[in-house]
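Single-letter residue listing:
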Amino acid sequence: MYDLFNDREQKELLPLVKEAIGLCTATVDAADRRKLYDALAGLDAESEHLRDGFGISMISHYLRSIVLLGKEIEADRSMVVAMLLMPLCRAGKMSIEDVAASWGDDTSIVLIGLLKVEGLYDRGVVGVSENFRNLLLTFASDIRVIIIKITECLVTMRDINHHPDDAKVREVAFEAKCLYAPLAHRLGLYRIKGELEDLSLKYTGRDIYTRIARKLNETKKSRDEYIARFIAPVKTELEKHGLKFDIKGRTKSISSIWNKIQKQNNDLEHIYDLFAIRIILDVPKERERSECWLAYSVVTDMYQPNPARLKDWLSIPKSNGYESLHITVKGPDAKWVEVQIRTKRMDEIAERGVAAHWKYKGIKSENNLDTWMNRVREVIEGAESGPLELMKEFKMDVYDKEVFVFTPKGDLYRLPLGASVLDFAFNIHSRIGCTCTGGKVNGRTCKINHKLKSGDTVEIMTSANQVPKLDWLNFVVTSKARSKIRQSINERNSRVAELGKELLQRRCKNRKIEIEEADLMKLIKKMGYKTVTDFYSEIGAEKIDPSDIIAAYLAMEEKAEVLPETRSAMEFTLQNAEEGASDDVLVIGDNIKGVNYRMARCCSPVYGDDVFGFISAEGVIKIHRSDCPNARNIRNRYPYRVINTRWSGKGGQQFAAVLHVVGHDDIGIVTNITSIISKENNVSLRSIAIDSHDGMFSGHLTVGIGDISALNKLIKKIKTVKGVKDVQRY
């Protein structure tokens, strides 16, 4: 097996193996160690999986990771075995089934998690986004995998100092700072977190790191002397109060100092808390808080405190379980000094993180990861065995209600559990979702309702002929997809309904038939349609013929007529209309005056027009022009309901007339038209509707006017406006 290593690595390997064996003797017995050696002896030195991207031996890498785990936390058998078997599995020398058969299911679970995470790096989809972190936690499936990856990251960071590939070093350093250091912080692995941040600063800002490190070295002697001066009287007073404790000074990490320099916009000489004094009390758990506050009172009696910088994590611990009391006081020479007061139990948790919680009580948390960590602590607080042995019972199901999928370019998206290919398409863009016909998931063609899993790579297939269907709502789970599908269907139905309405109106106009809106509503309801849109959509989709609708409308109108055809119009009893006119304007029938009537909306007659009366089914007289588009149909179908009508010769009131105007869409033309109307006596503009297209405009003007003579004069004047092509009475 030694031919897998270069000369330098062979010199380092033997002591490294001995150290790893010494740390893992309690978890990996002699038989297991023999099996591991035999398995690793079969590795091929040419395998590409035996070295990482920096050319570092993976076996050496995992051995150093095991040693680091043993020193910082505690590695169980499954972690050690899985880490050493990783090169074998990646080289294809051993399958997961072989691992489960030889080493047990628990080892295979850890190994599967490691292989999945490594698979992300093999695919080149590494990143520091929240989605990538969540996918990493999902793929890890076991907290021990996350702890291994954090440890591995630190080992790699230690190995790549002065590596020639500066770009790759910076990439790993950025990932260490933004991904693994925060995870280490969440798990309470503060020493690892601090070193990751320091090394990251070293590789991405070497000048800054070197300047701060050099300055700290230059001031180390004076700083140590000052710490001793600060501690001596505090130590005496604490002993007087009968407290058992350990007190020491600690220089803050370089990255922490750099963060303070940036935050305070200051230089190193003016950063007052370059170091912290830590008081660690040896006290039973039931007296922890009282004695911590006693130590606080001792320190603040001796040195002036800064109340604004008091941080009480005794009453409310941090979400990762960190408990401590931080105060800042003015020490000798008027220098500000941070003092941390905690117990041995709190210090162990602060240094060793989650692995130290197996014998201590957890605390309440807020977000998903913190809630999961709280559950870990609550379950393991009464365990009699070591923490990592018990942690194998926990799964990283922090994000078990989400899936994380990739585009072919490697972009990462988060979707709710149960999301389909169609959900993913709408998540990318609404247009892509509306035209989606399916997708290629990990290279295989799948239908739009295929459920996605974390880690899937999805390529969406579209077609210009595809439109959203109502049944799509049965399998999409995202609110965006559901709302866009409904919106698209509604918009399409509205367009079809508008087309249907236009078809019906055009057919009625061609046949000179005037349809009353109220009567049409009755027909629509009678035909069983819930909404008018549904009715017009059926016409627009050519599911029903407009001619059939017209026939049904006319049949309904005839059926509603209850008066016998043998009676003449003069025999009808006229009923009051809602809007009538003066009895001096019209003479209806045989010199009958003073009856109520309505001007028909289809032709809008004005005083002076040749008109006739028509008695509707309700018994109300409607006045039509003799040249009304509906006149012929009325006279042919209902001659017995036509009544002679003439103007009485006494005008004076205004009538509504509609003018259709066509002209060039010039600036000010509409203003000129309305100006003419406003200058006319006894003429008012009631409404205007203008539409322009391709440099031309057309519109309808509704004017209030006294008689036909005034209307004709108005039409002539409007025609004189520059740009007006034609004016016709509608």
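Preceding this paragraph is the structure being described.
Residues numbered from 1 in each chain as written. Predicted model: local features only at pLDDT ≥ 70, side-chain atom pairs only at ≥ 80, totals over all residues. Heavy atoms only, no water.

Another aspect to go through is the overall build of the protein chain. A tally of regular secondary structure across the protein chain gives 26 helices and 21 strands. The buried share among the 730 residues of the protein chain stands at 46%. Pairs at least 24 residues apart make up 67% of the contacts formed inside the protein chain by residues separated by at least 6 positions. (Helix = DSSP H or I, 4+ residues; strand = E, 2+ residues; numbered from the N terminus. Buried < 20%, exposed > 50% of the residue type's maximum accessible area, 1.4 Å probe, protein only. Contact = heavy atoms within 4.5 Å.)

The strand order across the open sheet built from four strands is S19-S20-S18-S21, with neighbouring strands paired in antiparallel fashion. The sheet is open, and its two borders are formed by strand S19 (684–693) and strand S21 (724–729), each paired with just one other strand. Shown here is a sheet whose adjacent strand axes are inclined to one another by a mean of 20°, direction ignored. Pairing analysis gives nine bridges linking S19 to strand S20 (residues 696–705), with the strands arranged antiparallel. (Pairing = 2+ DSSP bridges. Axes fitted to C-alpha atoms, helices over the stretch in contact; angles between N-to-C directions.)

Orientation of helix H20 (residues 479–510) relative to helix H22 (residues 532–540), taken along the N-to-C sense of each, is 75°, at an axis distance of 7 Å. What the angle tells us is that H20 and H22 run roughly perpendicular. Counted together, Asn-493, Val-496, Ala-497, Leu-499, Gly-500, Lys-501, Leu-503 and Leu-504 of H20 and Thr-533, Phe-535, Tyr-536, Ser-537, Ile-539 and Gly-540 of H22 form the full contact between these two elements. Residue composition of the contact of H20 with H22, by class: eight nonpolar, five polar and one charged. (Parallel < 35°, antiparallel > 145°, perpendicular 65-115°, else oblique. Nonpolar A, V, L, I, M, F, W, Y, C, P; charged D, E, K, R; others polar.)

Moving on, we come to the sheet that holds strand S10 (residues 444–446). Two orientations exist for strands paired in a sheet by backbone hydrogen bonds: parallel and antiparallel. In spatial order, the strands read S10-S9-S11; together these three strands make up an open sheet with antiparallel pairing. Each of the sheet's edge strands pairs with one partner strand only, and the pair in question is S10 and strand S11 (458–462). Sheet twist, expressed as the mean angle between neighbouring strand axes with direction ignored, is 30°. Alignment of strand S9 (residues 436–441) against S11, held across five bridges, turns out to be antiparallel. Pairing of Cys-436 across the sheet is with Thr-462, part of S11. Sitting on the sheet, helix H18 (residues 421–428) touches S9 and S11, and the angle it makes with S9 is about 105°.

So, about unusual backbone geometry. At His-162, a residue that is not glycine, the phi angle is positive and equals roughly 65°. In this structure, His-162 sits in the loop between helix H8 (143–159) and helix H9 (166–186). Within the chain, Glu-542 stands out as a residue other than glycine whose phi angle is a positive 65°. Relative to the helices and strands, Glu-542 resides in the loop between H22 and helix H23 (546–560). The exposure class assigned to Glu-542 is exposed, which follows from its relative accessible area of 70%.

The next subject is helix H10 (residues 190–204). The end-to-end C-alpha distance of H10 is 21 Å, a good match for the 21 Å that 15 residues give at a rise of 1.5 Å each. Burial analysis of H10 places eleven of its 15 residues in the buried class, the great majority of the element. For H10, the complete set of buried residues consists of Tyr-190, Ile-192, Lys-193, Gly-194, Leu-196, Asp-198, Leu-199, Ser-200, Leu-201, Lys-202 and Tyr-203. (Expected span 1.5 Å × (residues − 1).)

Quick look at the nonpolar core now. Nonpolar side chains in soluble globular proteins generally cluster together in the buried interior. Residues Leu-69, Leu-85, Ile-150, Met-157 and Leu-196 are the most contacted members of the largest nonpolar core, which totals 60 residues. Counting 37 residues, the second-largest nonpolar core is a separate cluster that includes Leu-201, Leu-216, Phe-245 and Leu-314. (Core = buried A, V, L, I, M, F, W, Y, C linked by side-chain atoms within 4.5 Å.)

For the rest of this paragraph, the subject is the packing of aromatic side chains. Here a ring pair, both rings aromatic, is described through the centre-centre distance and the interplanar angle of the planes. Taken as a whole and assessed by the stated rule, the structure comprises ten aromatic pairs. Between Tyr-529 and Phe-535 the ring centres are 5.5 Å apart and the planes differ by 70°, which places this aromatic pair in the edge-to-face class. Taken as a pair, Tyr-529 and Phe-535 share a single burial class, namely buried. Plain terms: the ring middles of Tyr-607 and Trp-647 are 5.1 Å apart, the flat faces sit at 45° to each other, and that makes the pair tilted. Here Tyr-607 is found in the loop between strand S14 (598–599) and strand S15 (611–615), whereas its partner Trp-647 is found in strand S17 (residues 642–647), with 40 residues between them in sequence. Across the pair, exposure class does not vary: Tyr-607 and Trp-647 are buried alike. For Arg-641, the ring lying beneath its charged end belongs to Tyr-638, and the centroid distance is 4.7 Å. (Phe/Tyr/Trp six-rings, centres within 6.5 Å; stacked < 30°, edge-to-face > 60°. Lys NZ or Arg CZ within 6 Å of the ring centre and 35° of its normal.)

Looking now at the environment of Ser-479. Mapped onto the elements, Ser-479 comes out in helix H20. Considering only alpha carbons, one finds Ser-479 and Asp-423, 56 residues apart in sequence, at a separation of 9.1 Å.

Before going further, it helps to examine the packing of H8 against H9. Where H8 meets H9, the closest approach of the two axes is 10 Å, and the angle between their N-to-C directions is 145°. Crossing handedness for the pair H8 and H9: left-handed. The residues of H9 that touch H8, namely those facing Ile-146, Lys-149, Ile-150, Cys-153, Thr-156 and Met-157, are Val-172, Ala-173, Ala-176, Tyr-180, Leu-183 and Ala-184. Of the residues in the contact of H8 with H9, the class split is ten nonpolar, one polar and one charged. (Left-handed = near helix turned anticlockwise from the far one by under 90°.)

Time to look at the pairing of strand S18 (residues 655–664). Pairing analysis gives ten bridges linking S18 to S20, with the strands arranged antiparallel. By the bridge assignment for S20, Ala-656 is matched with Gly-704. As defined by bridge partners, S18 adjoins S21 across five bridges and the pair is classed as antiparallel. Bridging across to S21, Gly-663 finds its partner in Val-724.

The final tally for this structure, using the stated rule, is 21 salt bridges. As a salt-bridge pair, Arg-158 and Glu-195 come within 2.8 Å of each other at their nearest N and O atoms. Taken together, the positions of Arg-158 in helix H8 and Glu-195 in helix H10 put the pair 37 residues apart, joining distant regions of the chain. Two residues, Asp-627 and Arg-625, come together in a salt bridge whose shortest N-O distance is 3.0 Å. (Salt bridge = Lys/Arg side-chain N within 4 Å of Asp/Glu carboxyl O.)

The topology assignment puts Ser-604 in the loop between S14 and S15. Ser-604 gets classed as buried once you look at its relative accessible area, which sits at 13%. Setting aside anything within four residues of it in sequence, one finds Ser-604 in contact with Arg-625, Ala-656, Ala-657, Val-658 and Arg-729.

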